[in-house]
Structure formats: C-alpha cells, structure tokens
Amino acid sequence: MTRIHHRTAGFVAAAFMALALAFLTPAAPSNAAEFTMKFGTATFNDTQHQYIKFYKEALEKASNGRIEVGIHPRSELGPIPRMIDGLQLGTIEAYIGPADFFVGVEPRFGVFSTPMLFKDKDHATATVFDPALNEYALMLGEPKGITGLGIFATGSSNYAAKSPIMNLADFSGKKLRVNATAMEREKMRRLGATAVPLPLNEVLPSLQRGVIDGTMSGTAIFVAFKMNDVAKTITVTNDTMLVSLAVVSKVWLDKLPPDLRKIVLETGRSMQPKTHEWEKEFSKGLDKTWQSMGGQIHTLASEELAKMAELLKTVGDDITKDQPAVNEMLKRVRAIAGKH
C-alpha cells in the first residue's frame, strides 16, 4: 500500500475543503460593466466637457452600472477629424463638438454656422430644442453611422487675433482659423480675411508659429488656452452662434441590447436642458475670468455691426442655393427660429 506523507495528506484535505466551499458559497456579484463608452471632446472645463460629466453620472445610474462612461477631454482620443472617423468605425463610442465639424459626414450640419441666423445663444438653443427640430437634427447623421444624443448652443463665435480686431477694416488680410464649413469660409472672404480650417488642438501652436493671425472661437476656448499670451483682445460681434452636437457611434449602439440602447439615447436628450442651465451660469463668469487674466473684450460699434450684418445676411442662401437638401435645412431652421 502506498503511504501518503502527513503534510501531503493535509494539502489534499485542504484542497477538498476549498472545492466543497466553492460549491456551497454563492458567487460574489461582479461589478464590472458590460459595456464601456469612451466619450471624447476637444475642449476642457467648458460646457461640452460638462455635458459628458452630467451624461456619465446619469447613464451609469440609469443602466445600473451596465455601461461605464470614460471621459476624454483635450483631444485625448485624437484630433477632431480622427474622433469623428472613430465614431463611424466604432472605435470611439461618443463625441461632442461643434456641429460645423460634422459637415464631411452630413453637409446639412453646416447650416448651424450660418451668419445672422440666430439673435444670440439663448435664441439658438430655443430653436434647436424646439420639438419640430430637435429629433430631426439629432438623427441627421444616422445614415452615416452617427446618432445624436444632444444639441445646444454654447455661445457666440467671437474673434481673437495677435493684432486686435477693433473694427471691420481690421479683418482685412488676416488669416483666421475657422471650424470646417463653407459658410465660415464665405464669411471670412466677405470680411476680407482668409479662412484656415483647423482642429482645436492645432490653434494655439499655429498662432505661436504665425501660421494663422487669429481665430474664431467661443470665449471659453480663449480662456482655456490662456490665449491672452498671444491675443489679448476678444472681439464680440454675435454674427454666428456655436452649436454643439453630442453623438454616439451607431456601430457601438447597435451592439447594445434594446433596453440599454433606449437608455443611452433618452439619457442624452434629458441632459440637454440641464447642460443649457449650467452653461448660462458658466458664461456669466467667462468675461471676468478673461479680464482677470489681463485680456480685454471689445464690441464693434453699432454702425460697424449693422454693416457686418448687411455683408453677411445672404451667406446662407448663396452657399446653399445649389444644394437642395442643405437649402431645405436652412429654410427649416430659419422658420423654427422665427417662432422664438
């Protein structure tokens, strides 16, 4: 008969005991999320970033932790064009940025950058929140692989340049960064400037190297980039409003079970008014923050603003006259804006 060493016997007994306990003890519930949602943006500590924070908290709660949202500001997931590519491929699950950057996916998104379309930020938000437009706008990109979560205005598109823009004549000859649309390029042309489309992460180095003379952006961007080091004056004209669009990859969305798919979309829409209310309070402090950094805020004289409006009022019609779908979108947005 084979003898078993007493220490070996002890190990065997312990192994049998562990195996028995494994069957008798219920398995501990797993806290790991079933799905991960990387949510990117190019900005930091602004309204777009805040939308993601609100969304993360609400979605993780509504999904009972089945979806985990990762927040990636400051172009951590790549420049804006690459993030949009990632959405269509399904390598990035969600992104938020100006609607202007989606014109390569769906040209109708460019309508939101039409000059003289909105009176101010609140007017723009009231227009895109209107039930006659909201769902329609959010679903524009679905055939191209992106589904809307939320849309709202984040402020006016102001101007900053190394040589300050104090009147209309100061636009002449300047190379100014714009987002991506034909509307913006035509606007710059009429003002005597040259439009230079650039993603946000390239703006500051391009200013420092002299590739561009200035940029068109919201005040939050100037503050975040501390652009008073290279451009100390923000010029306010209120000719164009910045409309931000949050979207989710349809490739990823279609992988979710129906209940989670519904939660993802409903949560996105429910964050629209909450983010707008937050943005109104946030904006109140931006001018003071800029001035505390040594920057100045300049508004064109009323006669200059009137002249600018006259120069730009036909940009939308002229750019879209040979694009029936885009022209129809412009008319739709104008009609709804007229109600507010």
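Whatever comes next refers back to the structure up there.
### With respect to the overall build of the protein
Argument step 1. What the protein contains, in helices and strands, is 13 helices and 11 strands.
Argument step 2. In summary, the protein has a C-alpha radius of gyration of 26 Å against a globular reference of 20 Å for 340 residues, an excess of more than 25%.
Argument step 3. With respect to the principal axes defined by its C-alpha atoms, the protein has extents near 110 × 45 × 30 Å.
Argument step 4. Across the 340 residues of the protein, 50% fall into the buried class.

### Considerations on the sheet that holds strand E9 (residues 233-236)
Argument step 1. Pairing within the open sheet is mixed, and its six strands lie in the order E7-E6-E8-E5-E9-E11. Strands at the two margins of the open sheet, each flanked by one partner only, are strand E7 (194-197) and strand E11 (296-299). The mean angle between the axes of side-by-side strands here comes to 30°, regardless of whether they run parallel or antiparallel.
Argument step 2. Pairing analysis gives two bridges linking strand E5 (residues 158-161) to E9, with the strands arranged antiparallel.

### What to know about helix H2 (residues 47-62)
Argument step 1. When the terminal C-alpha atoms of H2 are compared, their 22 Å separation across 16 residues agrees well with the 22 Å that a helix rising 1.5 Å per residue should span.
Argument step 2. Taken residue by residue, H2 has Thr 47, Gln 48, His 49, Gln 50, Tyr 51, Ile 52, Phe 54, Tyr 55 and Leu 59 as its buried positions.
Argument step 3. Where the residues of H2 are buried, they touch strand E1 (35-40), strand E2 (67-72), strand E3 (94-98), strand E4 (146-156), strand E10 (241-249) and helix H10 (258-292).

### Some words on empty space enclosed by the protein
Argument step 1. All chains considered together, the criterion is met by one cavity of 30 Å³ or more.
Argument step 2. Quantified by volume, the largest cavity comes out at close to 40 Å³.
Argument step 3. Surrounding the largest cavity, Asp 100, Phe 112, Ser 113, Ser 157, Glu 184, Met 216, Thr 240, Met 241, Leu 242 and Val 243 form its lining.
Argument step 4. Here the lining of the largest cavity gets three residues from one element, more than from any other, and that element is E10.
Argument step 5. Taken together, the residues of the lining of the largest cavity sort by class into five nonpolar, three polar and two charged.

### Section: the side chain of Lys 187
Argument step 1. Tracing the sequence through the fold places Lys 187 in helix H6 (residues 182-191).
Argument step 2. The class for Lys 187 is buried, based on a relative accessible area of 1%.
Argument step 3. Side-chain polar atoms of Lys 187 contact the side chain of Thr 240, separated by 2.9 Å.

### Digging into the sheet that holds E2
Argument step 1. With mixed pairing, the five strands of this open sheet are ordered in space as E2-E1-E3-E10-E4. Strand pairing shows two members of the sheet lacking a second neighbour, E2 and E4, which therefore form its edges. Recorded for the sheet is a direction-independent mean angle of 20° between the axes of neighbouring strands.
Argument step 2. Across five bridges, the pairing between E3 and E10 is antiparallel. The partner of Ile 96 across the bridge, within E10, is Ala 246.
Argument step 3. Strand contacts of H2: E1, E2, E3, E4 and E10, with the helix running at about 165° to E2, the strand carrying the most contacts.
Argument step 4. Helix H3 (residues 80-89) contacts E1, E3, E4 and E10 of the sheet and is inclined by roughly 140° relative to E3.

### Examining the packing of H2 against H10
Two packed helices can be described by the angle between their axes and the distance between those axes.
Argument step 1. Across the interface, H2 lies against H10 with an axial gap of 8 Å and an inter-helix angle of 140°. Relative to H10, the element H2 is oriented oblique. Crossing handedness for the pair H2 and H10: right-handed. Judged by residue contacts, Thr 47, Gln 50, Tyr 51, Phe 54, Tyr 55, Ala 58, Leu 59 and Ala 62 of H2 engage Ile 263, Val 264, Thr 267, Gly 268, Met 271, Gln 272, Lys 274, Thr 275, Trp 278, Glu 279 and Phe 282 from H10.

Reading guide: rules and limits
Residues numbered from 1 in each chain as written. Predicted model: local features only at pLDDT ≥ 70, side-chain atom pairs only at ≥ 80, totals over all residues. Heavy atoms only, no water. Helix = DSSP H or I, 4+ residues; strand = E, 2+ residues; numbered from the N terminus. Rg over C-alpha atoms; globule rule 2.2 N^0.38 Å. Buried < 20%, exposed > 50% of the residue type's maximum accessible area, 1.4 Å probe, protein only. Pairing = 2+ DSSP bridges. Axes fitted to C-alpha atoms, helices over the stretch in contact; angles between N-to-C directions. Expected span 1.5 Å × (residues − 1). Contact = heavy atoms within 4.5 Å. 1 Å grid on protein atoms, 1.4 Å probe; cavity = no way out; pocket = protein on both sides within 12 Å on 5 of 7 lines; lining within 4 Å. Points joined across faces, edges and corners; volume = space filled by probe spheres on them. Nonpolar A, V, L, I, M, F, W, Y, C, P; charged D, E, K, R; others polar. Polar contact = N/O pair within 3.5 Å; in protein donor to acceptor, adjacent residues only side chain to side chain. Parallel < 35°, antiparallel > 145°, perpendicular 65-115°, else oblique. Left-handed = near helix turned anticlockwise from the far one by under 90°.

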